[in-house]
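# Fold and contact review
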Amino acid sequence: MSSKIIIPIAVAISVIVTAGIMYAVGFEQEPQIVQVPTPEIVYVDKSVSEFFKGTNDIKQISSQEELASILEASSLFGGGFYDTRSIRVAAVEEAVMFDSAESATVSAPQAGFKGDDGGVDHSTTNVQVENVDEPDYLKNDSKYVYIVSRNTLSIIDAYPAEDAKLILKIALDIESQYIQNMFLNEDRLVIFYNGQSDEEIIPQFDFIPRPSYNPVTHALIVDVSDKENPTILKDYSIDGHFRDARMIGDYAYFVTNNHINHQNPRLPVIMEDSVRIMTPDAFYFDNIEEFSNFNTLTAIDIFGDTINSETFLMGYTGTFYVSENNFYLTYQQNMPFGYYENSSRDRFFDVIVPLLPNDIQDEIKNIQNDSSLNLSEQWIRISELMQNSYNEMDKKGKETLFEKIREALNEYDVKIQEENRKTIIHKIAIDEDKIEYVAKGEVPGRLLNQFSMDESEDRFRVATTIEYYIQHEGTIRSNAVYILDEQLNVVGELEDIAHDESIFSSRFMGDRLYLVTFEQIDPFFVIDLSTDTPKILGELKIPGFSNYLHPFDEDHVIGIGRDTKVTDNDRVQQLGIKIALFNVADVNNPKVLDDFVIGDRSSHSEAQYNHKAFFFDKTRSVLSIPISGDSESLEHITSKMFAPEYNRWSGFYVFDIDSVNGFSIKGAITHSDSDSRYYGMGDARTFYIGDVLYTASQGYLKMNSFENLEEINSIKLENTGKFIDYLEEPMMEMEPVR
């Protein structure tokens, strides 16, 4: 965008309501002129700002004072002058916002850790990228299992399974929180939880300071070498709500998101044990966009004292992709209100006026050039002129004119929506404690989750769903794949995939992309990515859909989702949980080697939407997925014990799987409790240590033989009926160790 372009923008409510006037005019009756008082429009030249010249470059924020000036300048984008003294109740607004709120190998990558513990073979968290660990509420090594739940940390001596026991359950002295995320690296845990800062501000036109609570993310580094006496080594706190994290080697990288407090804007700070240790370098972007959040990327060395952080003023980030070298932050572009107001003005003069009779066009130009009239007065005369012109037309003439205008407006609106409904991608290079911003890119459409993105050598690949609304036609939808270079410039694309459908799952594997879209049937696409010109190699259409795709080997892909059928009235009815094994050896003719349907539409599986609940081990060819459903609809369950109020069964279905015979049910592991009162089962995880298959839920950690699923041991995790003594020694040391 050239810095010389002048972009006028309305700071009062726009009065361009032409489309509404035209569509309100009936063909059977003559329109009536109705004069409505309208405010005057004042346009501001945004290019005069010293902060926003339209270069799209990244710029550093030098101070708190400059931050306030940048936000004041950017407030003009929103269609009105913003009074920076106005009050925001940060705690309430942020709580609502954040709580309402994701190379070809023979198997999926597992998380990498420092060194080798020398123990028995074991599995770890199911991750997207090899050597890039992802946080979870449960972590394990070759002997111990660590679980965070609510505000407690449990450590279980899990191997050998016959002697497994809970050796420690302690409560962390924190605000009432559900801790959901942590890393394990040798004898170090990194535990993340959300807290809040406590400040006081004076509301607008008030005189009494009142508390203002802002979200803070805590990162605790805990030494668990002594399992009965864990010690907190570091307690870092970073402004903002925890979004996501990754661990690479000895470094944990995590993103926090902090909504801007316009009354008292300030740069995020990092504290250690309540002492401020740094203010991250802060940056903003010279472009027309609403700046609503600070997104802070922080790197910490969990075995040392090194910490580094940078923060970026941008939109609300929610989906990330992380390779060993780069961190990609993405969000949906959010153009300011004033941008669309200006667009409505252009819409009228650029699209509608040229289709009016020539004499009307000339008179409208004369009205525009009359400097004695303000904008509101000009519009009153223009609308009178148009109404009089309509009154002189016959019915057929009006119908023809209005249809031409509708078609032209639809074309214009589609272009505007395609331009503004984009995914913004920010690339940040990471190397231990080094954080360096690299580039900004954009692609049309929206992402499904983290599996919609992938990095391969110097290329970044993205799959999106593109949708826009057309008057009288409804929502138009299609899908696309884009190839971006190192600077996030689009160098290749494949568009118009599966019209009127949305992406339900995607998986990049080397030079291929496996893509599932859905409306009534499940089109499974094999897409070639070996060059910068993506192309569809093969397509398969079957009933149902897959929410998650997982590599089996180079020629096979596992999918989990739902079976479906089309009813007599042409509606789609969802059925049971469906797992499928796709054979993609012949890329031009993919096939379903085998599938297996579990239960009916009452059945649910966390593995559909959380890849950490999906377990597959290629060495043993074993698949485990959590299932919850009406007990009468489920076969193969080993026990009829279920939550009595709902007649529900919860547990895990375990399969043998191979590329010749497909799925063979090994059995089911029951996690229901006769005293259960919850409807389903969450926090479902499967892992193994040695020859033991471990399954975890909110209530139990169960240990079963890999060979025949015979139960070896079981530990109840919740509601033990025992005291948790907050003052009992030994406890977690709260003083940092230097």
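Residue numbers run consecutively from 1 along every chain, following the written order of its sequence. Note on the predicted model: pLDDT of at least 70 is required for a residue's local features to be given, and 80 or more for side-chain atom pairs to be given and counted; whole-chain, interface and lining totals, by contrast, use all residues. In computing side-chain values, all of the structure's heavy atoms are included and hydrogens and water are not.

## Structural notes on the sheet that holds strand β25 (residues 474–484)
How we decide: Strand pairing follows a simple DSSP-based rule, namely that at least 2 bridges must link the two strands. Only runs of H or I of at least four residues qualify as helices and only runs of E of at least two qualify as strands under DSSP, and these elements are numbered from the N terminus. Comment: axis = line fitted to C-alpha atoms, over the contacting stretch for helices; angle = value between 0 and 180 degrees taken between N-to-C directions.
Strand order in the open sheet made by the four strands is β23-β24-β25-β26, with antiparallel pairing throughout. Both edges of this open sheet fall to β23 (453–456) and β26 (490–497), since each of them pairs with a single strand only. In this sheet, neighbouring strand axes are inclined to one another by 25° on average, regardless of whether the strands run parallel or antiparallel. As judged from the eleven bridges shared by strand β24 (residues 459–470) and β25, these two strands associate in the antiparallel manner. Residue pairing across strands places Val462 opposite Tyr482, the latter belonging to β25.

## Overview of the sheet that holds strand β6 (residues 152–157)
Pairing between sheet strands relies on hydrogen bonds along the backbone, with the strands arranged either parallel or antiparallel. Spatial ordering of the open sheet is given by β4-β5-β6-β7, a layout of four strands whose pairing is antiparallel. The two strands at the open ends of the sheet, each matched to only one other strand, are β4 (138–140) and β7 (165–171). On average, each strand axis in the sheet is tilted by 15° relative to the strand beside it, whichever way the strands run.

## Here's the deal with helix α7 (residues 395–420)
Keep this limit in mind: To estimate the expected span of a helix, count its residues, drop one, and scale the result by 1.5 Å. Whether a residue is buried, partly exposed or exposed follows from its accessible area with a 1.4 Å probe, protein chains only, as a fraction of its type maximum: under 20%, in between, or over 50%, in that order.
Here α7 is 26 residues long and its end C-alpha atoms lie 37 Å apart, about the 38 Å a rise of 1.5 Å per residue gives. Listed in full, the buried residues belonging to α7 are Lys398, Leu401, Phe402, Ile405, Arg406, Ala408, Leu409, Asn410, Tyr412, Val414, Gln417 and Asn420.

## Examining the packing of helix α5 (residues 358–368) against helix α6 (residues 375–391)
Where we set the bar: By the definition adopted for this analysis, an angle is roughly parallel if under 35 degrees, roughly antiparallel if over 145, roughly perpendicular if from 65 to 115, and oblique otherwise. Here a crossing is taken to be left-handed if its near helix is turned anticlockwise relative to the far helix by less than a right angle, and right-handed if that turn runs clockwise. We call two residues in contact when some of their heavy atoms are within 4.5 Å. Each residue is assigned to one class: nonpolar for Ala, Val, Leu, Ile, Met, Phe, Trp, Tyr, Cys and Pro, charged for Asp, Glu, Lys and Arg, and polar for all the others, Gly among them.
The N-to-C vectors of α5 and α6 enclose an angle of 165°; their axes lie 10 Å apart at closest approach. Taken together, α5 and α6 sit at an angle that is classed as roughly antiparallel. Here α5 runs over α6; the crossing is right-handed. Between α5 and α6, the residues in contact are Ile360, Glu363, Ile364, Ile367 and Gln368 and Gln378, Arg381, Ile382, Leu385 and Ser389, respectively. Residues that form the contact of α5 with α6 fall into these classes: five nonpolar, three polar and two charged.

## Concerning the confidence of the model for the chain
Stated formally: pLDDT: the predictor's confidence for each residue, scored from 0 to 100.
Residues at a pLDDT of 70 or more form 81% of the chain, whose mean pLDDT is 82. Considering only residues more than four positions removed or in separate chains, one finds that residues 79–107, a stretch of pLDDT under 50, has 71 contacts. Every residue in residues 726–738 scores below 50 in pLDDT, and together they form 28 contacts with partners more than four places removed in sequence or on other chains.

## Focus on the nonpolar core
What counts here: Definition of nonpolar core: a set of buried residues of the types Ala, Val, Leu, Ile, Met, Phe, Trp, Tyr and Cys, connected through side-chain atoms within 4.5 Å.
In terms of nonpolar packing, the biggest core is built from 39 residues, with Tyr253, Leu297, Phe327, Ile425, Phe460, Val462 and Leu484 touching the most fellow members. Among all residues touching Leu484, those that are not within four sequence positions of it are Ile425, Val443, Asp458, Arg459, Phe460, Val462, Asn489, Val490 and Val491. Within the second largest apolar cluster, 36 residues are counted, among which are Tyr146, Ile156, Leu189 and Ile715.

## Describing the side chain of Asp286
With respect to the helices, strands and loops of the structure, Asp286 is situated in the loop between β16 (281–285) and β17 (293–301). Overall, Asp286 belongs to the buried group, its relative accessible area being 0%. In this structure Asp286 touches Phe51, Phe52, Lys53, Gly54, Thr55, Asn56, Asp57 and Lys59, once residues within four positions along its chain are discounted.

## What about α6?
Just so we agree on the cut-off: Within 3.5 Å is the distance limit for a polar contact, defined as a pair of N or O atoms, with the added protein rule that one can donate a hydrogen and the other accept it, and that residues adjacent in sequence qualify only through two side-chain atoms.
The terminal C-alpha atoms of α6, which comprises 17 residues, lie 24 Å apart, in line with the 24 Å expected from a rise of 1.5 Å per residue. Every buried residue of α6 is listed here: Ser376, Gln378, Trp379, Ile382, Ser383, Leu385, Met386, Gln387, Ser389 and Tyr390. Its side-chain oxygen at 3.1 Å from the backbone nitrogen of Ser376, Asn374 defines the N-terminal cap of α6.

## Some words on the pattern of salt bridges
To keep it simple, the criterion reads: Any carboxyl oxygen of Asp or Glu that lies within 4 Å of a side-chain nitrogen of Lys or Arg is treated as forming a salt bridge with it.
Tallying each qualifying case throughout the model produces 24 salt bridges. The shortest N-O distance in the salt bridge between Glu467 and Arg477 comes to 2.8 Å. Here Glu467 is found in strand β24, whereas its partner Arg477 is found in strand β25, with ten residues between them in sequence. Accessibility expressed as a relative area gives 23% for Arg477, which makes it partly exposed. The salt bridge partner of Glu606 is Arg685, with a shortest N-O separation of 3.2 Å.

## Considering the pairing of strand β15 (residues 275–278)
With three bridges joining them, strand β14 (residues 270–272) and β15 adopt antiparallel strand pairing. Each residue of the ladder has a partner; that of Ile270, found in β15, is Met278. Hairpin connection of β14 to β15: two residues between the antiparallel strands, including Asp273 at a positive phi of 55°.

## Some details on the pairing of β6
Burial within β6 is extensive, with six of its six residues counted as buried. Here six bridges tie strand β5 (residues 144–149) to β6, and the two strands are oriented antiparallel to one another. Considered in β6, the bridge of Val145 is made with Ile156. Connecting β5 to the antiparallel partner β6 that follows it, the hairpin turn spans two residues, and Arg150 within it adopts a positive phi of roughly 55°. Note that β6 and β7 share six bridges and pair antiparallel. Pairing of Ile155 across the sheet is with Leu168, part of β7.

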